[in-house]
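Listed below are the residues making up each chain.
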Amino acid sequence: SLTAATVDDAELLQEILERYPKLLAGDQFDPERPRRWLLVKREFGIPDGENLGDRWSVDHLFLDQDAIPTLVEVKRSPDTRIRREVVGQMLDYAANAVAYWPAERLQFEFEATAEATGRDGSAVLQEFLGADAEPAAFWANAKTNMQAGRLRLVFVADKIPTELRRIIEFLNRQMDPTEVLGVEIPQFVGAGVRSLVPRVVGRAVGSGNGASL
């Protein structure tokens, strides 16, 4: 049998998300058109001015199949910063990403990420989009989404505290076209198996799919 266990290391959870993006529970984000995730880069740098170096870095940047940039920040539930500080941090990220991330950088960083793992970025993207899709149109959509402030901000933790959940729900109602959500990924262990069962908070959701690692 499996028993609940604390996720002791946010770094480990980041690594797991990098390897298994489906843990972001895209079917709960949009049950009719489940979201699929393309990793652009882990620790994606964000500047706070033109022609300046990166000041911050978001834990993960994904694009979904509609080229909506999805910023993911991972925290452990015991980390006191998960209550309020992480919200201001994420809003800083979003505001400056919209202002200072050219879409060309997203494409460059995605291709570099693929190359670093021994894969061809063009092939990875085509597989993600499907044989009939046009990669140039995908990157054009990413640029349009950035210019429109059409982003997705996702807080990930083994447990989302009540205070953060209330803030997520409030922001998600107010920040159209930006979507703000949380993903709880509790851990259950037993007999050499670790099972992570994600649940999206901040909107009405279904049961979702777990993953055994």
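Our structure's up above, just so we're on the same page.
Caption draft 1: Focus on the packing of aromatic side chains. Within this structure, the stated rule accounts for seven aromatic pairs. Considering the side-chain rings of Trp56 and Tyr93, the 6.2 Å spacing of their centres and the 55 degrees angle between planes classify their relative orientation as tilted. Linking Trp56 in strand 3 (residues 54-63) with Tyr93 in helix 3 (residues 85-100), this pair joins segments that are 37 residues apart in sequence. With respect to class, Trp56 is no different from Tyr93; both count as buried. Taking the centre distance of 6.4 Å and the plane angle of 75 degrees together, the rings of Phe128 and Phe138 count as edge-to-face. With Phe128 in helix 5 (residues 121-129) and Phe138 in helix 6 (residues 135-148), this pair connects stretches of sequence that are ten residues apart. The buried category is assigned to Phe128, whose relative accessible area is 11%. The ring of Phe128 carries Arg36 above its face, with NZ or CZ at 4.7 Å from the centroid.

Caption draft 2: Fine view of the sheet that holds strand 4 (residues 69-74). Overall, mixed pairing links the six strands, which are arranged 2-3-4-5-6-9 in an open sheet. The open sheet has two free edges, formed respectively by strand 2 (38-47) and strand 9 (199-201), since each of these has just one partner strand. Sheet twist, expressed as the mean angle between neighbouring strand axes with direction ignored, is 35 degrees. Here strand 6 (residues 179-184) runs beside strand 9; their pairing, made up of three bridges, is antiparallel. Each residue of the ladder has a partner; that of Val183, found in strand 9, is Val200. Lying over the sheet, helix 1 (residues 10-19) contacts strand 2, strand 3, strand 4 and strand 5 (152-157), oriented at roughly 130 degrees with respect to strand 2. Most of the contacts of helix 4 (residues 103-116) go to strand 2, to which it runs at about 125 degrees, and overall it touches strand 2, strand 3 and strand 4.

Caption draft 3: View of the pairing of strand 5. When you tally the buried positions in strand 5, you get six out of six residues, the bulk of the element. Judged by which residues are buried, strand 5 turns out to be covered on both faces: Arg152, Val154 and Val156 on one side and Leu153, Phe155 and Ala157 on the other are all buried. Here strand 4 runs beside strand 5; their pairing, made up of five bridges, is parallel. Directly across from Val72, in strand 5, lies its bridge partner Val154.

Caption draft 4: Geometry of helix 6. Helix length check: helix 6 (14 residues) gives 20 Å between terminal C-alpha atoms against 20 Å at 1.5 Å per residue, within 8%. Burial in helix 6 covers these residues: Phe138, Trp139, Ala142, Asn145 and Met146. Buried residues of helix 6, viewed axially, fall in a sector of 115 degrees; they line one side. Facing away from the buried side of helix 6 by more than 90 degrees, the exposed set consists of Ala136 and Gln147.

Caption draft 5: The pattern of salt bridges, seen in detail. Counted by the stated rule, this structure contains 14 salt bridges. Notably, a salt bridge pairs Asp64 with Arg35, separated by 3.0 Å at the nearest N-O pair. Highlighted residues: Asp64 in the loop between strand 3 and strand 4 and Arg35 in the loop between helix 2 (26-29) and strand 2, separated in sequence by 29 residues. Note that Asp54 and Arg105 form a salt bridge whose closest N and O atoms lie 3.1 Å from each other. Here Asp54, found in strand 3, pairs with Arg105, found in helix 4; they are 51 residues apart in sequence, far enough to count as distant. Given a relative accessible area of 18%, Arg105 falls into the buried group. Via salt bridges that share partners, Arg33, Arg35, Asp64, Asp66, Arg152 and Glu179 belong to a single interconnected network.

Reading the values: rules and limits
- Residues numbered from 1 in each chain as written.
- Predicted model: local features only at pLDDT ≥ 70, side-chain atom pairs only at ≥ 80, totals over all residues.
- Heavy atoms only, no water.
- Phe/Tyr/Trp six-rings, centres within 6.5 Å; stacked < 30°, edge-to-face > 60°.
- Helix = DSSP H or I, 4+ residues; strand = E, 2+ residues; numbered from the N terminus.
- Buried < 20%, exposed > 50% of the residue type's maximum accessible area, 1.4 Å probe, protein only.
- Lys NZ or Arg CZ within 6 Å of the ring centre and 35° of its normal.
- Pairing = 2+ DSSP bridges.
- Axes fitted to C-alpha atoms, helices over the stretch in contact; angles between N-to-C directions.
- Contact = heavy atoms within 4.5 Å.
- Expected span 1.5 Å × (residues − 1).
- Arc of directions from axis to C-beta.
- Salt bridge = Lys/Arg side-chain N within 4 Å of Asp/Glu carboxyl O.

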